[in-house]
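# Reading the structure
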Amino acid sequence: MAIIETPCRKICVMDPASGLCTGCGRTLDEIARWAIYPPEVRHRVMAELPERMKRFQRKTELPEPL
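Small disclaimer: the values here were computed from a predicted structure and weren't measured. (Residues numbered from 1 in each chain as written. Predicted model: local features only at pLDDT ≥ 70, side-chain atom pairs only at ≥ 80, totals over all residues. Heavy atoms only, no water.)

## Side note on the overall build of the chain
In plain terms, the rule: Put simply, DSSP marks the helices as runs of H or I at least four residues long and the strands as runs of E at least two long, and each gets a number from the N terminus on. Each residue is assigned to one of three classes by its accessible area relative to the maximum for its type, calculated with a 1.4 Å probe on protein chains only: buried under 20%, partly exposed between the two thresholds, exposed over 50%. Only heavy atoms enter the contact rule, under which two residues are in contact if any of them lie within 4.5 Å. Throughout, the Shrake-Rupley method with a 1.4 Å probe supplies accessible areas, and for residues the shown protein chains are the sole cover considered.
Within the chain, the regular secondary structure consists of two helices and zero strands. Expressed as a percentage of the 66 residues in the chain, the buried residues total 26%. For the chain, contacts bridging at least 24 residues in sequence account for 40% of all contacts bridging at least 6. When the accessible surface of the chain is split by element, carbon and sulfur atoms take 61% of a total near 5,200 Å².

## Quick notes on the environment of Lys-10
Along the chain, the position of Lys-10 falls in the segment before helix H1 (28-33). As a C-alpha pair, Lys-10 and Cys-24 span 14 residues in sequence and 8.5 Å in three-dimensional space.

## Focus: the pattern of salt bridges
Applied cut-off: Whenever a carboxyl oxygen of Asp or Glu lies within 4 Å of a side-chain nitrogen of Lys or Arg, that contact is scored as a salt bridge.
Within this structure, the stated rule accounts for five salt bridges. Between Glu-48 and Arg-52 there is a salt bridge, with the nearest N and O atoms lying 2.7 Å from each other. Separated by four residues within a single helix, Glu-48 and Arg-52 lie in helix H2 (residues 39-60), roughly one turn from each other. Under the relative-accessibility criterion, Arg-52 is labelled buried at 10%. As a salt-bridge pair, Glu-51 and Lys-54 come within 4.0 Å of each other at their nearest N and O atoms. In this pair, Glu-51 and Lys-54 are both assigned in helix H2, three residues apart and thus about one turn of the helix distant. For Glu-51, a relative accessible area of 36% puts it in the partly exposed group. In the salt-bridge network here, residues are joined through shared partners; they are Glu-30, Arg-44, Glu-48 and Arg-52.

## Topic: the side chain of Arg-26
Of note, Arg-26 is situated in the segment before H1. Arg-26 has contacts with Thr-6, Pro-7, Cys-8, Met-14, Gly-19, Leu-20, Cys-21, Ile-31, Trp-34, Val-45, Leu-49 and Arg-52, leaving out every residue within four places of it along the chain.

## Considerations on the environment of Arg-55
Here Arg-55 is to be found in helix H2. For the pair Arg-55 and Ser-18, spaced 37 residues apart in the sequence, the C-alpha separation amounts to 9.7 Å.

## Some thoughts on a nonpolar patch on the surface
Convention followed: In this analysis, a patch consists of residues with relative accessible area above 30% that form no salt bridge, clustered at 9 Å for like charges and at 5 Å for the nonpolar side chains Val, Leu, Ile, Met, Phe, Trp and Tyr.
A cluster of nonpolar side chains, contributed by Met-14, Leu-28 and Ile-31, occupies part of the molecular surface with about 240 Å² of accessible area. If you trace the backbone, Ile-31 turns up in helix H1. Look at Ile-31 and you get partly exposed, because its relative accessible area is 30%.

As structure tokens, then:
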């Protein structure tokens, strides 16, 4: 049985505004289907995650104090 690479960080909290997991950046559908996705789909999603997390983190950062 092959080991499937996963971005899961065991911080499984879904952000309702973005629909993304705050730990890994995947959607609930991606998380649910991860084990059945073909490798090329998992690789595509993995490549998108850093940008998703950047966008998510920018939205959750507090504004600079005045």
